[in-house]
Amino acid sequence: MNIVDKILEAKLGRVPSVGETFFLPVDHILAHDGSMMLVERMFREQQLGDILEPSKVFVAFDHIFPANSALTANLHKLVRDFLKRQNVQRVSEGRGISHQLLWESKSVSPLQIVVGGDSHTPSIGAVGALGIGLGATDIAYALLTSTVWFTRPELCLVKISGRPPEGTEAKDLALKLLGQSAQATTNRILVFRSGESLPPEWRFVLCNMAPEMDAVSAVFEPDGWQRLERDNFDDEIEVDLGALIPQVAMPHQVRNVEARADVRGARAVDVVFVGTCTGGRLSDIATLADVLRASGKGLATRLVVCPASTMVYQHAIEAGHISYLLEMGATILPPSCGPCLGQSVGILGDGEVCVSTANRNFRGRMGNAKAEIILASSRVAAECALEGHL
Amino acid sequence: MRIMNVVRIGDNVNTDDIISGRYLRAASTDTWRDHLFEDYDPSLLARLGRDALLVAGSNFGCGSSREQAVLGLKAAGIGVVLAASYGSIFQRNCVNNGVLAATYTALKVALPADGAAAILDLHACQVRFKGSAPPLVWEAPALHREICLAGGLLAYFMATSNQPRTS
């Protein structure tokens, strides 16, 4: 049996068929200031009652934190008071991005189910759990009942073989998959299976970008996962890491993927952003600092760095990366989603080009529809910051 | 039966296109209605209303889970959308707010032009575009219909829950 059906069977007592819709019990409920603001309003205006199991809930103020306006601050207040009233204990304000914090907390076990009021909830698939991204109404329902309605999608196995060449990152593989596999991944759950044991960050990034692949979710099979007889996958993709080369997603679609070598120098770059749930971990900041150090050159663009969590930030400080980046002229933002969603800091100017380690390059994503965003790995981002062009 | 005007939009229209991130923090639903599709096509808003039938291409509502996209459409009077396919979270957000998000198969029905008239029959789950036969018929899982008919997921919860409401 495949890992997805194993997860569902543990909750339902049976294996559901493809296309079947049912109510699914959940183990963790994740939300942030953005989704929680809508949830709070639903509870207040519709007098929904109490959260059934507050201990299952984790909320991070990460999308806009600290508040950028009185309006945001007042919405934060409503959410803060609501969580207190409802006895939700696990609340983070400004300690980083919800997905990163949930992962760091080690509170999610393989085969558990996490629902989250954020599309990148599948990130937790990195530990072999099933993360399902939802809207605010679904989260309100989950808070009330500890269940969500769910339709069992088809499954696509992504078989990874080989070892990644020096200079490539999980981001390159995620972008490579985005560039080639729309049909195989759309509206399916992806199951990643690797011959070699991949680092935890790799698993996180691949599951994190499942929504960009239009997948419902993604689960990375844990090391030592014992496959049972029939897997029953509906589709299969095979990738050889040995052949991986750096990739970029050009504006304004995540599937607008090119090999970086084919577009090198094609665009002048104004600002480089290293951060987010996709590319704001210690390994990303370390790669950025190492590439800059090795070059001995100064920055040719603005550089904005936003650690994915306080823990990442502290480790980057201890390793000397932050001090070095500050000397180089980088702007370091507090742990949060930062400029990725164009709601508070790091808004782009008209006609500007940003190379970003984030997961979305939609028109207007970073707060200005007249700007352009190119997605890349932290290494490619670092090179762009040095060269001033793609 | 309702007579509707078709408003066509393209493929891969994401929820950032429907409502930009800069409007998500708002005190009222009106904000999301008033800025619908602002970056995608600012001329669209004037054409949205109770008699507008949004007909999108594939992967409609992909990307961010922001429910403000559906709340804005609903506030504009949109109760039905049609698309070749949907971003999965957006489609659930539609169902959860009692907005019918039906899927068409382009092979079976010639797609209507922008501005074309359409006759919607919610009871029969079908829409007929003027000058085109046969009608487009949609199906939805029983639970989608149940939730939609209840007026959304929270109304469905109210109707089905026996739990005491304490606060």
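This one's a predicted model, so the numbers in the text were calculated from it and none came from an experiment.

### Quick word on the overall build of chain B
Reasoning step 1: Counting secondary structure elements, chain B contains 6 helices and 7 strands.
Reasoning step 2: The secondary structure elements of chain B, listed N-terminal to C-terminal, are β-α-α-β-α-β-α-β-β-β-β-α-α.
Reasoning step 3: Expected size for 167 residues packed as a compact globule is a radius of gyration near 15 Å; at 16 Å, chain B falls within 12% of this value.
Reasoning step 4: Oriented by its inertia axes, the alpha-carbon framework of chain B measures out at about 55 × 35 × 25 Å.
Reasoning step 5: The 167 residues of chain B split such that 53% are buried.
Reasoning step 6: Within the structure as shown, chain B displays about 7,100 Å² of accessible surface, and the carbon and sulfur contribution to it stands at 53%.
Reasoning step 7: When the 15 positive and 14 negative side-chain charges of chain B are each reduced to one mean point, those points stand 6 Å apart.

### Overview of the layout of surface pockets
All names here are of chain A.
Reasoning step 1: Its volume calculated, the second largest pocket comes out at about 400 Å³.
Reasoning step 2: What lines the second largest pocket is a set of 23 residues, and nearest its centre among them are Thr 168, Glu 169, Trp 202, Ser 283 and Thr 287.
Reasoning step 3: Counting residues per element, the ones that place at least two in the lining of the second largest pocket are helix H6 (170-180), helix H8 (200-208), helix H10 (276-279), helix H11 (282-295) and helix H14 (378-387).

### Regarding the interface of chain B and chain A
Reasoning step 1: Counting residues at the interface gives 43 residues for chain B, matched by 50 residues for chain A.
Reasoning step 2: Of the roughly 3,800 Å² buried between chain B and chain A on both sides combined, carbon and sulfur atoms contribute 54%.
Reasoning step 3: Sorting the residues of chain B by area buried against chain A places Arg25(B), Arg92(B) and Leu154(B) first, and these three jointly supply 22% of that buried surface.
Reasoning step 4: Inspection of the chain B/chain A interface yields 3 salt bridges.
Reasoning step 5: Here Asp16(B) makes a salt bridge to Arg365(A), at a shortest N to O gap of 3.2 Å.
Reasoning step 6: At the junction of chain B and chain A, the tally comes to 15 residue pairs in polar contact (both at pLDDT 80 or more).
Reasoning step 7: For the side of chain B that touches chain A, the secondary-structure elements that each account for two or more residues are helix H2 (29-34), helix H3 (68-75), helix H4 (88-96), helix H5 (142-150) and helix H6 (153-160) of chain B.
Reasoning step 8: Top element by residues in the side of chain B that touches chain A is H4(B). It accounts for 6 residues.
Reasoning step 9: Residues of the side of chain B that touches chain A, tallied by class, amount to 17 nonpolar, 18 polar and 8 charged.

### Focus on the side chain of Asp33(A)
Residue and element names in this part refer to chain A.
Reasoning step 1: Along the chain, the position of Asp 33 falls in helix H2 (residues 33-45).
Reasoning step 2: The buried category is assigned to Asp 33, whose relative accessible area is 1%.
Reasoning step 3: A distance of 2.9 Å separates a polar side-chain atom of Asp 33 from the backbone nitrogen of Ile 64.

Calculation notes
Residues numbered from 1 in each chain as written. Chains lettered and ligands numbered in written order. Predicted model: local features only at pLDDT ≥ 70, side-chain atom pairs only at ≥ 80, totals over all residues. Heavy atoms only, no water. Helix = DSSP H or I, 4+ residues; strand = E, 2+ residues; numbered from the N terminus. Rg over C-alpha atoms; globule rule 2.2 N^0.38 Å. Buried < 20%, exposed > 50% of the residue type's maximum accessible area, 1.4 Å probe, protein only. Areas by Shrake-Rupley, 256 points an atom, 1.4 Å probe, with all protein chains shown as cover. Lys, Arg positive; Asp, Glu negative; His and termini not counted. Charge placed at Lys NZ, Arg CZ, Asp CG, Glu CD. 1 Å grid on protein atoms, 1.4 Å probe; cavity = no way out; pocket = protein on both sides within 12 Å on 5 of 7 lines; lining within 4 Å. Points joined across faces, edges and corners; volume = space filled by probe spheres on them. Contact = heavy atoms within 4.5 Å. Buried area = accessible area lost by both parts, 1.4 Å probe. Salt bridge = Lys/Arg side-chain N within 4 Å of Asp/Glu carboxyl O. Polar contact = N/O pair within 3.5 Å; in protein donor to acceptor, adjacent residues only side chain to side chain. Nonpolar A, V, L, I, M, F, W, Y, C, P; charged D, E, K, R; others polar.

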